[in-house]
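So the chains spell out like this:
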Amino acid sequence: MFRNQYDTDVTTWSPAGRLFQVEYAMEAVKQGSAAIGLRSKSHVVLACVNKTSSELSSHQKKIFKVDDHIGVAIAGLTADGRVLSRYMRNECINYFYTYESQLPVGRLVVQLADKAQVCTQRSWKRPYGVGLLVGGLDESGAHLYYNCPSGNYFEYQAFAIGSRSQAAKTYLERKFESFVDSSRENLIKDALFALRETLQGEKLTSSVCTIAVVGIGEAFHILDQETVQELINEFEIAGEEAPVAEPAAPDQAGVAEPAAPDQAGGAEPAAAADDDNQAAPGDQGAAPMDM
Amino acid sequence: MTKQQANWSPYDNNGGTCVAIAGADYCVIAADTRMSSGYNILTRDYSKIIQLADKSVMASSGFQADVRALQKVLASRHLLYQHQHNKQMSCPAMAQLLSNTLYYKRFFPYYAFNVLGGLDNEAPKVLVLHSSHPFWTTNSSLQALSCYLRRMQVTPLSEAEAIDLVKTCFASATERDIYTGDKLEIVVLNASGLRSDYMELRKD
């Protein structure tokens, strides 16, 4: 209602104490195609859905290598994401030049957050319209952070952003407790499962998604299409129907996996894949950027 | 009134000799591991050789602090190149980068004498500054070794023969040059990759 009066520029507060331009920027993140991140003690997996504007074009690059130990997946204005990735790469290179050691992930995300905050407090700028899932490794272990256009950042065990990310988040909320001790393969499997949730029935193939991994002893790299397709086939999750049959997977996927002590609780309740409306971070009421 | 002279120099010469040879299908880059200052030996075990890219290896003698700074700058630029182009820098590209980086400091130079060896589209090359040579040496034993290596131009050598020649050259240079000795580090770059070898030299 009154939104339109106070949303002209980013340096105008609304009477309710909100900066609408920043919230609109976060809206842009929600419109982008989904990106998912999960982490264990030793690995971080980033996954994203590839959306092409037409069959003739190639898909947008959404996952960027920032350094051997850090990678980022973006959702929203991909051009902003590209620019921020370049900034992150430069920071890593400069840090290494000075200290001859890897830039800790936590430091990088703070710099990124501060950079985003500047754009929320200058009348001649606009906020970056991109959300970044920063996954990386440093001396204190594996980390996954989410950087918001508002300048906020949070650390996560697992998270999803972009359109239809709620479906993925629901899946991740169920399974996240098992991620800490998950093996690399299971982590990737869970990423693919979560990704499939966002496709809402579309077939999951390697041409629709991109997966990247970073871990102890493993530099950040994007898995090539054949590997991803093999993994999909192995886990047999390229289901056409709505993802209800997921609990049946443990039988078929038993081929290459260790006995499933890492499946949370073992006995998964069937078909809980629809919107759970559990304690989803309260989007209603509180200004989104305060979360 | 005589011109005022500086009572301090930003530079020091840490000595050492570097050699690079390009053969038909290999490239040999070698350098001694002695680091000196004046009549003193600072250490007997300092590597002057660095692998800048998949197929580019650089050896540098001169002022090692400047050498190290130069190596770091090139390494950082190479990282940037990889992010932008999704591939490693080729040897000629690296040579051009080296040339530009050195010229950037034309009026306060890097006191570094470099040989860059590598494979260019699978054909080995040794590159020094802006020209391409089949062999080159820098610093301490420049003159002494050059005449030995001129032999290369007459009879093409196999990889093993080239390594042998390098070892002989260094053994000989060590005899007469006080700044060369201790240990020889040899790096061989060929189609199957990179390998390192060491040989002891006289310690005096």
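Located above this text is the structure these notes cover.
Residues numbered from 1 in each chain as written. Chains lettered and ligands numbered in written order. Predicted model: local features only at pLDDT ≥ 70, side-chain atom pairs only at ≥ 80, totals over all residues. Heavy atoms only, no water.

Enquirer: An account of helix 5 (residues 184–199) of chain A is requested, with residue identities and associated values reported.
Expert: In an α-helix, one full turn covers 3.6 residues, which means residues spaced three or four apart are oriented alike. Residue and element names in this part refer to chain A. With 16 residues, helix 5 should reach 22 Å at 1.5 Å per residue; the first-to-last C-alpha distance of 23 Å fits that figure. The element helix 5 is largely enclosed, with a buried count of 14 among its 16 residues. Just beyond helix 5, the residue with positive phi is Q200, at close to 45°. (Helix = DSSP H or I, 4+ residues; strand = E, 2+ residues; numbered from the N terminus. Expected span 1.5 Å × (residues − 1). Buried < 20%, exposed > 50% of the residue type's maximum accessible area, 1.4 Å probe, protein only.)

Enquirer: Lay out the nonpolar core in plain terms, naming residues and giving numbers.
Expert: Residue and element names in this part refer to chain A. The biggest cluster of nonpolar side chains holds 30 residues, and the ones touching the most others in it are I36, L38, V45, L172, I188, L192 and I211. In terms of residues, this core owes the most to one element, helix 5, which gives eight residues. Apart from residues lying up to four places away in sequence, L172 is in contact with I36, L38, A158, F159, A160, F179 and A194. (Core = buried A, V, L, I, M, F, W, Y, C linked by side-chain atoms within 4.5 Å. Contact = heavy atoms within 4.5 Å.)

Enquirer: With reference to specific residues and values, describe the pattern of salt bridges.
Expert: Residues and elements named next belong to chain A. Taken as a whole, this structure holds 20 salt bridges over all chains when the rule is applied. The partner of R126 in a salt bridge is D80, with the nearest N and O atoms 2.8 Å apart. Of this pair, R126 sits in the loop between helix 3 (105–118) and strand 5 (130–138) while D80 sits in helix 2 (residues 78–99), and the two are 46 residues apart along the sequence. What makes R126 partly exposed here is its relative accessible area of 46%. Between R184 and E218 there is a salt bridge whose closest N-O contact spans 2.8 Å. Placement of the pair is R184 in helix 5 and E218 in strand 10 (residues 218–222), with a sequence separation of 34 residues. The exposure class of E218 is buried, given its relative accessible area of 15%. (Salt bridge = Lys/Arg side-chain N within 4 Å of Asp/Glu carboxyl O.)

Enquirer: Explain the packing of helix 2 of chain A against helix 1 (residues 64–85) of chain B to me, and be specific about the residues and the numbers.
Expert: Interhelical geometry of helix 2 of chain A versus helix 1 of chain B gives an angle of 160° and a closest axis separation of 10 Å. By the criterion of interaxial angle, the relationship of helix 2 of chain A to helix 1 of chain B is roughly antiparallel. Relative to helix 1 of chain B, helix 2 of chain A is oriented so that their crossing is right-handed. In contact with R89(A), N90(A), I93(A) and Y97(A) of helix 2 of chain A, helix 1 of chain B contributes A69(B), K72(B), V73(B), S76(B), L79(B), L80(B) and H83(B). Taken together, the residues of the contact of helix 2 of chain A with helix 1 of chain B break down into six nonpolar, three polar and two charged. (Axes fitted to C-alpha atoms, helices over the stretch in contact; angles between N-to-C directions. Parallel < 35°, antiparallel > 145°, perpendicular 65-115°, else oblique. Left-handed = near helix turned anticlockwise from the far one by under 90°. Nonpolar A, V, L, I, M, F, W, Y, C, P; charged D, E, K, R; others polar.)

Enquirer: How would you explain the interface of chain A and chain B if you had to name every residue and give the values?
Expert: Bring the parts together and some accessible area is lost; that lost area is often taken as the interface size. On the chain B side, the residues contacting the eight residues of chain A number eight residues. When chain A packs against chain B, the two sides together hide about 820 Å² of surface, and 55% of this comes from carbon and sulfur. Taken together, the links from chain A to chain B amount to two salt bridges. Residues E100(A) and R68(B) are paired through a salt bridge, measuring 3.1 Å at the closest nitrogen-oxygen approach. At the boundary of chain A and chain B, one finds four residue pairs in polar contact (both at pLDDT 80 or more). Contributions of two or more residues to the side of chain A that touches chain B are made by strand 3 (63–67) and helix 2 of chain A. Class assignment for the residues of the side of chain A that touches chain B results in three nonpolar, one polar and four charged. (Buried area = accessible area lost by both parts, 1.4 Å probe. Polar contact = N/O pair within 3.5 Å; in protein donor to acceptor, adjacent residues only side chain to side chain.)

Enquirer: Describe the sheet that holds strand 3 of chain A, and please don't skip the residues or the numbers.
Expert: Residues and elements named next belong to chain A. Taken in spatial order, the five strands line up as 3-4-5-6-7 in an open sheet, and their pairing is antiparallel. The sheet is open, and its two borders are formed by strand 3 and strand 7 (153–155), each paired with just one other strand. Recorded for the sheet is a direction-independent mean angle of 25° between the axes of neighbouring strands. Against the sheet, helix 1 (residues 20–31) makes contact with strand 4 (70–76), strand 5 and strand 6 (141–147), and its axis sits at roughly 100° relative to strand 4, the strand it touches most. (Pairing = 2+ DSSP bridges.)

Enquirer: Summarise helix 3 of chain A; cite the residues concerned and give the values.
Expert: Residues and elements named next belong to chain A. Between its first and last C-alpha, helix 3 extends 20 Å over 14 residues, near the 20 Å set by a 1.5 Å rise per residue. Inspection of helix 3 places V105, L108, V109, L112, A113 and A116 among the buried residues, and these make up the whole buried set. The buried residues of helix 3 all sit within an arc of 135° when viewed along its axis, so they share a single face. Here the buried face of helix 3 lies against strand 3, strand 4, helix 2, strand 5, strand 6 and strand 7. (Arc of directions from axis to C-beta.)

Interpretation note: all reported values are geometric properties and have no functional meaning in isolation.
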